[in-house]
Amino acid sequence: MAKSAKDMRHDSFIENMRELMKVHPEYTWEKAYNDAMTLWTLHDYSAFKTMEEELGTDRAVKMYAKMWEIRSRLEWPSLCELIGKKPEDKFTIRDVAQIMIKSFALFGNPMEIAEETKDRITLRCFDCPYTTQIIWKLLPPKEAEEYNQKIQVDCNHAIFETYLKLAGLFDDWVFNFPSQLCLTNQYCEFTFVRKQFKQ
């Protein structure tokens, strides 16, 4: 006999879902993950659109980037854990790249290191369901392109420059975002280049 709803509280998404799946067998782990990612994307889009309508595009873009900076700081300890490190540890630029790869994988985004030298590291992400599965189907093509152009550059700079700061590497490396999948339908490219200024 299935438990009643009041007996399903475990203070845990996973444990609650295990119980709920007994009551709602159509709710598989695949459906739960897909629906959660879809809802998160719709919420993210709604947040930006609300800010844009209330504050104008320029302020909305700045606030949206600030949201991602704060989120990046909040998630940093768990991201460090994914590569076996603690926030207080010493980091290399390759550590930051591995954190990016792990972080993107959590959202269904396949990423890899495309180039690596002592002074440069380039990563490429070959799919972004946020865009390809949801935004491109939610919005007309022109509106989808305009939305991505508004948010992507500032958002990614906010995330990955925050990673550099938290890793203690911001003074030595520069982040850039030269290619967007949502504009080329090929890949997003992220680069870190070592600064060579003489002290």
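Starting afresh in each chain, residues are numbered from 1 along the sequence in its written order. With pLDDT at 70 or above as the cut-off, local features in this predicted model cover only qualifying residues; side-chain atom pairs require 80 or more to be listed or tallied, and sums for whole chains, interfaces and linings still use all residues. Note that the side-chain values use all heavy atoms of the structure and ignore hydrogens as well as water.

Right, let's get into the pairing of strand 1 (residues 111-116). By the convention used here, strands pair only if DSSP detects at least 2 bridges between them. Numbering of helices and strands runs from the N terminus, with a helix taken as a DSSP run of H or I at least four residues long and a strand as a DSSP run of E at least two residues long. Here strand 1 runs beside strand 2 (residues 120-125); their pairing, made up of five bridges, is antiparallel. Following the sheet pairing, Glu 116 is matched in strand 2 by Ile 121. Here strand 1 folds back onto strand 2, and the loop between the two strands holds three residues.

Before going further, it helps to examine the sheet that holds strand 1. A sheet is described by the order of its strands in space; here four strands give the open sequence 1-2-4-3, paired in antiparallel fashion. Because the sheet does not close on itself, it has two edges, and the strands there are strand 1 and strand 3 (173-179). Between one strand axis and the next, the sheet turns through 20 degrees on average, direction left out of account. Pairing between strand 2 and strand 4 (residues 188-194): six bridges, direction antiparallel. In the sheet register, Ile 121 faces strand 4, and the bridge partner there is Phe 192. Residues count as neighbours in contact if any of their non-hydrogen atoms are within 4.5 Å of one another. Inter-axis angles, ranging from 0 to 180 degrees, are taken between N-to-C directions of lines fitted to C-alpha atoms, where helices are fitted over the stretch in contact. In the packing of helix 4 (residues 93-105) onto the sheet, contacts are made with strand 1, strand 2, strand 3 and strand 4, and the angle to strand 1 comes to roughly 155 degrees. Its contacts with the sheet place helix 6 (residues 141-166) against strand 3 and strand 4, and it is angled at close to 155 degrees to strand 3.

What pLDDT conveys is the predictor's confidence in a given residue, as a value from 0 to 100. For the protein chain, the average pLDDT comes to 94, and 98% of its residues sit at 70 or higher. The secondary structure element of the protein chain with the lowest average pLDDT is helix 7 (residues 181-184), at 86, and the one with the highest is strand 2, at 98.

Let us now look at the packing of helix 5 (residues 129-138) against helix 6. Two elements in contact, helix 5 and helix 6, have axes whose closest approach is 10 Å; the angle formed by their N-to-C orientations is 135 degrees. In terms of orientation, helix 5 lies oblique with respect to helix 6. Residue-level contacts link Tyr 130, Thr 131, Ile 135 and Trp 136 of helix 5 to Ala 144, Tyr 147, Asn 148 and Ile 151 of helix 6. Each residue gets one of three labels, nonpolar for Ala, Val, Leu, Ile, Met, Phe, Trp, Tyr, Cys and Pro, charged for Asp, Glu, Lys and Arg, and polar for the others, Gly among them. Residues of the contact of helix 5 with helix 6, tallied by class, amount to six nonpolar, two polar and no charged. Geometric relationships in this document are graded by angle, where less than 35 degrees denotes roughly parallel, more than 145 denotes roughly antiparallel, 65 to 115 denotes roughly perpendicular, and other angles denote oblique.

With that settled, consider a nonpolar patch on the surface. Side chains of Phe 13, Ile 14 and Trp 29 sit close together on the surface and give an oily, nonpolar patch of about 380 Å² of accessible area. Note that Trp 29 resides in helix 2 (residues 29-55). Each patch is built from salt-bridge-free residues with over 30% relative accessible area, joining like charges within 9 Å and nonpolar side chains (Val, Leu, Ile, Met, Phe, Trp, Tyr) within 5 Å. Only the protein chains shown count as cover for residues, and all accessible areas are computed by the Shrake-Rupley method using a 1.4 Å probe. Definition used for salt bridges: Asp or Glu carboxyl oxygen within 4 Å of a side-chain nitrogen of Lys or Arg.

Time to look at the packing of aromatic side chains. Aromatic rings in a pair are described by how distant their centres are and how their planes are angled relative to each other. What counts as a ring pair is set by centres within 6.5 Å for rings of Phe, Tyr and Trp (its six-membered ring), and what kind of pair is set by the plane angle: stacked under 30 degrees, edge-to-face over 60, tilted for all other angles. By the definition in use, this model includes 18 aromatic pairs. When the ring of Trp 40 is compared with that of Trp 68, the centres are 5.8 Å apart and the planes differ by 85 degrees; the resulting orientation is edge-to-face. Taken together, the residues Trp 40 in helix 2 and Trp 68 in helix 3 (residues 57-82) connect sequence positions 28 residues apart. Note on exposure labels: buried denotes an accessible area under 20% of the residue type's maximum, exposed denotes more than 50%, and partly exposed covers the range between, all computed with a 1.4 Å probe on protein chains only. What makes Trp 68 buried here is its relative accessible area of 9%. The interplanar angle of 65 degrees and the centroid separation of 5.9 Å between the aromatic rings of Phe 126 and Tyr 187 together place this pair among those described as edge-to-face. Here Phe 126, found in the loop between strand 2 and helix 5, pairs with Tyr 187, found in the loop between helix 7 and strand 4; they are 61 residues apart in sequence, far enough to count as distant. Here Phe 126 falls in the partly exposed class, since its relative accessible area comes to 39%. Taken together, the ring pairs connect Trp 76, Phe 91, Phe 104, Phe 160, Tyr 163, Phe 175, Phe 177, Phe 190 and Phe 192 into an aromatic cluster. Only when the NZ of Lys or the CZ of Arg is both within 6 Å of the ring centre and within 35 degrees of the ring normal is a charge said to sit over the ring. Above the ring of Phe 170, the side-chain terminus of Lys 165 is found at 4.9 Å from the ring centroid.

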